[in-house]
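What the coordinates show
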Amino acid sequence: MISSKDFRVVGKVTPRVDAEKLSRGKGAFSDDIEFRELLHLKVLRSPHAHARITSIDTSKAKALAGVHAVLTHEDLPRIPHTTAGQGWPEPSPYDTVILDNKVRFVGDRVAAVAAETSEIAEKACSLIEVDYETLEALFDPEKASKPGAIIIHDEEDSSGIFDKSSNIASKLEATYGDVEEAFKDAYKIFEEHYEVGYVQQASIEPHICITWLDEDDRLVIRTTTQVPFHVRRIVANVLQLPVKKIRVMKPRVGGGFGGKQEILNEELCGAFTMATGKAVRYWMTREEELHAARTRHPQKLFFKTAVSKEGKILAMEVRVIENTGAYGTHGHTVMTVTGNKIFSMYNIPNIKFVGEAVYTNLPVAGAFRGYGTPQGIFALESHIDEIADKLGIDQIEFRLNNLYKEGDSLPITSKMAEGGGADAQVIRSSGLEECIRRGAKAIGWGSPKEPTAVGRSRGIGIAINTQGSGIPNVDMAASSIKMNEDGSFNLLCGATDIGTGSDTALAQIAAEALCVPVDDILIYSSDTDMTPFDTGAYASSTTYISGAAVLVAAKKVKSQILDVAAEMLEVEKEHLICSDSKVSTQEGKIVTYEQICLYSLYQRNQFQIMAVGSTVSSESPPPYSVVFADVEVDDDTGQIRLLKLVAAVDCGVAVNPHMAEGQVEGAITQGMGYALSEFMPFDKNGAPLFKTFRDYNIFRSSDMPEIEIILVETYEPTGPYGAKAVAEVPISGPAPAIANAVSNAVGARVRSLPITPEKVWKELKNNNN
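All of these numbers come straight from a predicted model, not from anything done at the bench. (Residues numbered from 1 in each chain as written. Predicted model: local features only at pLDDT ≥ 70, side-chain atom pairs only at ≥ 80, totals over all residues. Heavy atoms only, no water.)

A short note on the nonpolar core
Ile738 and Val760 are the most contacted members of the largest nonpolar core, which has 99 residues in total. A per-element tally of this core places helix H18 (residues 734–746) first, with eight residues. Among residues more than four places away in sequence, those in contact with isoleucine 738 are Ala629, Val631, Leu642, Met672, Ala675, Leu676 and Ile755. Val518, Ile561, Val564 and Ala611 belong to the second largest nonpolar core, which has 49 residues in total. (Core = buried A, V, L, I, M, F, W, Y, C linked by side-chain atoms within 4.5 Å. Buried < 20%, exposed > 50% of the residue type's maximum accessible area, 1.4 Å probe, protein only. Helix = DSSP H or I, 4+ residues; strand = E, 2+ residues; numbered from the N terminus. Contact = heavy atoms within 4.5 Å.)

Points about the domain arrangement of the chain
Each domain of the chain was delimited in the assignment, giving domain 1 (39–135 + 213–282), domain 2 (299–471 + 619–768) and domain 3 (476–616). Each of domain 1 and domain 2 was reduced to a C-alpha centroid, and the two centroids are 36 Å apart. Between domain 1 and domain 2, the contact holds 22 residues from the first and 22 residues from the second. Together domain 1 and domain 2 conceal approximately 1,600 Å² of surface at their shared face, both sides included; 53% is due to carbon and sulfur atoms. Applying the counting criterion to the domain 1 and domain 2 interface returns zero salt bridges. In this structure, the connection of domain 1 to domain 2 is made through 13 residue pairs in polar contact (both at pLDDT 80 or more). (Domains from an automatic or database assignment. Buried area = accessible area lost by both parts, 1.4 Å probe. Salt bridge = Lys/Arg side-chain N within 4 Å of Asp/Glu carboxyl O. Polar contact = N/O pair within 3.5 Å; in protein donor to acceptor, adjacent residues only side chain to side chain.)

Description of the side chain of threonine 295
With respect to the helices, strands and loops of the structure, threonine 295 is situated in the loop between helix H8 (286–292) and strand S13 (299–307). For threonine 295, a relative accessible area of 2% gives the class buried. For threonine 295, the contacting residues outside a window of four places in its chain are Tyr198, Val199, Gln200, Gln201, Val364, Ala365, Gly366 and Met680.

Brief notes about the sheet that holds strand S18 (residues 456–466)
Pairing is mixed across the open sheet formed by four strands, whose spatial order is S18-S26-S27-S28. Strands with a single pairing partner mark the edges of an open sheet, and in this sheet they are S18 and strand S28 (706–711). When strand polarity is set aside, the average angle formed by the axes of neighbouring strands in this sheet is 10°. Relative to strand S27 (residues 640–650), strand S26 (residues 624–634) runs antiparallel, the two sharing 10 bridges. The residue bridging alanine 629 from the neighbouring strand is leucine 645, located in S27. Each of S18, S26, S27 and S28 touches helix H13 (residues 432–443); the most contacted strand, S26, lies at about 25° to it. (Pairing = 2+ DSSP bridges. Axes fitted to C-alpha atoms, helices over the stretch in contact; angles between N-to-C directions.)

Examining H18
Between its first and last C-alpha atoms H18 spans 18 Å; for 13 residues at 1.5 Å apiece the expected length is 18 Å, and the two agree. Among the 13 residues that make up H18, 12 are buried, leaving the element largely enclosed by the rest of the structure. Among all positions of H18, only Pro734, Ala735, Pro736, Ala737, Ile738, Ala739, Asn740, Ala741, Val742, Ser743, Ala745 and Val746 are buried. (Expected span 1.5 Å × (residues − 1).)

Here we look at the packing of helix H17 (residues 657–676) against H18
Where H17 meets H18, the axes come as close as 8 Å, and the angle between the chain directions of the two elements is 50°. Considering their axes alone, H17 and H18 lie oblique with respect to each other. Here the hand of the crossing between H17 and H18 comes out right-handed. Mapping the contact onto sequence places Ile668, Gly671, Met672, Tyr674, Ala675 and Leu676 in H17 and Pro734, Ala735 and Ile738 in H18. (Parallel < 35°, antiparallel > 145°, perpendicular 65-115°, else oblique. Left-handed = near helix turned anticlockwise from the far one by under 90°.)

A few points about helix H9 (residues 331–342)
Since the α-helix packs 3.6 residues into each turn, any two residues three or four apart lie on the same face. The terminal C-alpha atoms of H9 lie 17 Å apart, and with 12 residues this matches the ideal 16 Å at 1.5 Å per residue to within 8%. By the criterion of burial, H9 is predominantly enclosed, with 11 of the 12 residues buried. Looking only at H9, the buried set comprises Gly331, Thr333, Val334, Met335, Thr336, Val337, Thr338, Gly339, Asn340, Lys341 and Ile342.

Here's the deal with the pairing of strand S5 (residues 109–115)
Looking down a regular strand, the side chains alternate between one sheet face and the other. Most of S5 sits out of view: seven of its seven residues are buried. Relative to S5, strand S1 (residues 39–45) runs antiparallel, the two sharing six bridges. Bridging across to S5, arginine 45 finds its partner in arginine 109. Where strand S3 (residues 67–71) meets S5, four bridges bridge the pair, whose relative direction is antiparallel.

Re the side chain of glutamine 226
Note that glutamine 226 resides in the loop between strand S10 (219–223) and helix H6 (228–238). Judged by relative accessible area, glutamine 226 falls into the buried class, the value being 2%. Of note is the side chain of glutamine 226, whose polar atom sits 2.9 Å from the backbone nitrogen of glycine 258. Residue contacts for glutamine 226: discarding those within four places in its chain leaves Gly256, Phe257, Gly258, Gly259, Lys260, Gln261, Thr496, Ile498, Gly536, Ala537 and Tyr538.

Here we look at the packing of aromatic side chains
Tallied over the entire structure, the rule returns nine aromatic pairs. Positioned over the ring face of phenylalanine 368 is arginine 296, at 3.9 Å from the centre of the ring. The side chain of arginine 319 reaches across the aromatic face of phenylalanine 302, ending 4.3 Å from its centre. (Phe/Tyr/Trp six-rings, centres within 6.5 Å; stacked < 30°, edge-to-face > 60°. Lys NZ or Arg CZ within 6 Å of the ring centre and 35° of its normal.)

Some details on the environment of lysine 482
Note that lysine 482 resides in strand S19 (residues 476–483). Separated by 97 residues in the primary sequence, lysine 482 and serine 579 place their C-alpha atoms 18 Å from one another. Each residue touching lysine 482, except ones within four places of it in the same chain, is listed here: Ser488, Phe489, Asn490, Gln608, Ile609 and Met610. A distance of 2.9 Å separates a polar atom in the side chain of lysine 482 from a polar atom in the side chain of asparagine 484.

Quick look at unusual backbone geometry
Of note, the amide linkage connecting tryptophan 88 to proline 89 takes the cis form, showing an omega dihedral of -5°. With respect to the helices, strands and loops of the structure, proline 89 is situated in the loop between S3 and strand S4 (102–103). Following leucine 753, the chain continues into proline 754 via a peptide bond in cis, with omega recorded as -5°. Along the chain, proline 754 turns up in the loop between H18 and helix H19 (757–768). Of note, the phi angle at tyrosine 371 is positive, near 50°, even though the residue is not glycine. Mapped onto the fold, tyrosine 371 is located in the loop between strand S15 (350–359) and helix H10 (373–391).

Observations regarding the sheet that holds strand S6 (residues 129–134)
A sheet is described by the order of its strands in space; here three strands give the open sequence S4-S2-S6, paired in antiparallel fashion. In this open sheet, the two edge strands, each paired with only one partner strand, are S4 and S6. In terms of strand pairing, strand S2 (residues 51–57) meets S6 through six bridges, oriented antiparallel. Among the inter-strand pairings, alanine 51 is bridged to a residue of S6, identified as threonine 134.

As structure tokens, then:
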């Protein structure tokens, strides 16, 4: 089998192409730019969860010295759109306008001010006088969807909403097999429900956008985005500008995690630049990030599962109620991924899925690393563990007895997929069983561990999960490669490096194909004027989809290089060999890449050696992750100590093993926060209670347990050099693994996140009564 050992650059540890400049503080982020007469934007946000604006007076704000513009819903065209950065036509409802006469959550936009300083803009916001007609607010999606509930989106011009009258943004159903018949034949039936709440992406760099008009009066948008081409398209529509009048540039990004797969401020900044003719800057505060940006979708998940006497899963029925918040951005597709991944792990012949994404008057949910999978996998893997316990079967044995295997097809992918109807995906590579085996050995599965102190109990838990590699038949990428006189190459990619190191991985793929060192690949990415199209950094698509586009372009360029070399060496192209930036004959005659490029540009049959590669895939090969957790629980208080976490991951051939390990470490750290510490409470009026990182507890260095990362190499035949995705798949495992470990330690089964000492204590008390 082909492996990383067969490659020269791919699969090898290579320094990141941006490592030196970032370490020296030279990497330019969105805010690392200066303008004369820059205006600063501030937004007045709603204090009410649900209200109509009956009147708004901006006269005092406009009169304040230093204020250049104040905009309300009265000043802007009403163009319904979605803020979701998705491919056209977007599957999310068009239920948003830049500024509306109705607010739907605490923190919704009311008006905005552009002024000479942030302080003046903030003062001006406080001078805007607004009268509201407060409306009943809905905070529970189950109540919001009941007959007679107040309608959150009662506007006539929105579209793509499944049922406005019931506040249902989207509904999804999928079945195969005969679920009811399987339940009749079952040895045992297990029913349980699980719940996950709001959490936030918490990127170190908040959303920042700067807009200005260039010398040709084109709107330039410099922004922290994962989706520059989607930003251009959606802003053009909302501001009623031709696409050709907009340029979007993505500099370095300090983390995205899905939260920046959103058109969150670019259209508002652009509107102020168009109104004033000046450069405008908007920097969201951490408080705004925590309640007015985007979050993970809360879900309630109800499971009913039929099992045979031999421990085979015969049928599974899942119902999901998803809280999409005040707007429906990503609601349908997140719910689709939840169902898709629940039914992509175990070979269940009969399934039924019903999901509803429901509007409430709480913050807007959106894309977040894992994109619906963490919600589904927490519930699924907790449920699987409970079934194994009640059947008296070892948790690993029960899973192995029901797993999909390499060569199996996944029928759910033809019933429920982000890209709509597609053929059932076939598993062409899988290291899942080896991940389980090696992870179990690393954690010491089957070997009881002693607690570190009296009054504590120790437990081990497992969780397995999968993801995809891009959205089949939807995600598309392109790249171009141009040869220079010294034998180096310019690689232009629309792919968006948001701190993941994708620029490096793509440069490695190009270097491997062109037989040059990575230093000879000069990559420039994510500028809608300069680089080819790419859907963006989401759905774990960059290595698999964008990398394939780079490989296509590189192969075309290599073919041109061989054409010129054949002419220079007067031999047939088929008899030439590329290696180490040169082309040689079987007899040992050599021409260097430098000589080849100079010949092609200046001597005979002159032309530029360059090519464009484009890729869209009908496949989305699944990467796999297995997480093992070793915990210690206080028998009296329920306090949890996470001692060790093992993550074994099959991402095909890791293009850059160190970067892959870094992605796994980052993902499982976020997964540990999801499991144990992160949540977003609201008061009785829907106002957020957490406003800073003092309140909202992401995992800190002092919280980290021992971590062991295991990369299990497989070769994915459809991926560039055998690669599959890696960035998202590890995030879903920690929460169920920790829940299962806690149950293993003290018998307390917590079915909601986060798993707090209070919840464990209550379960311990219930067990003792």
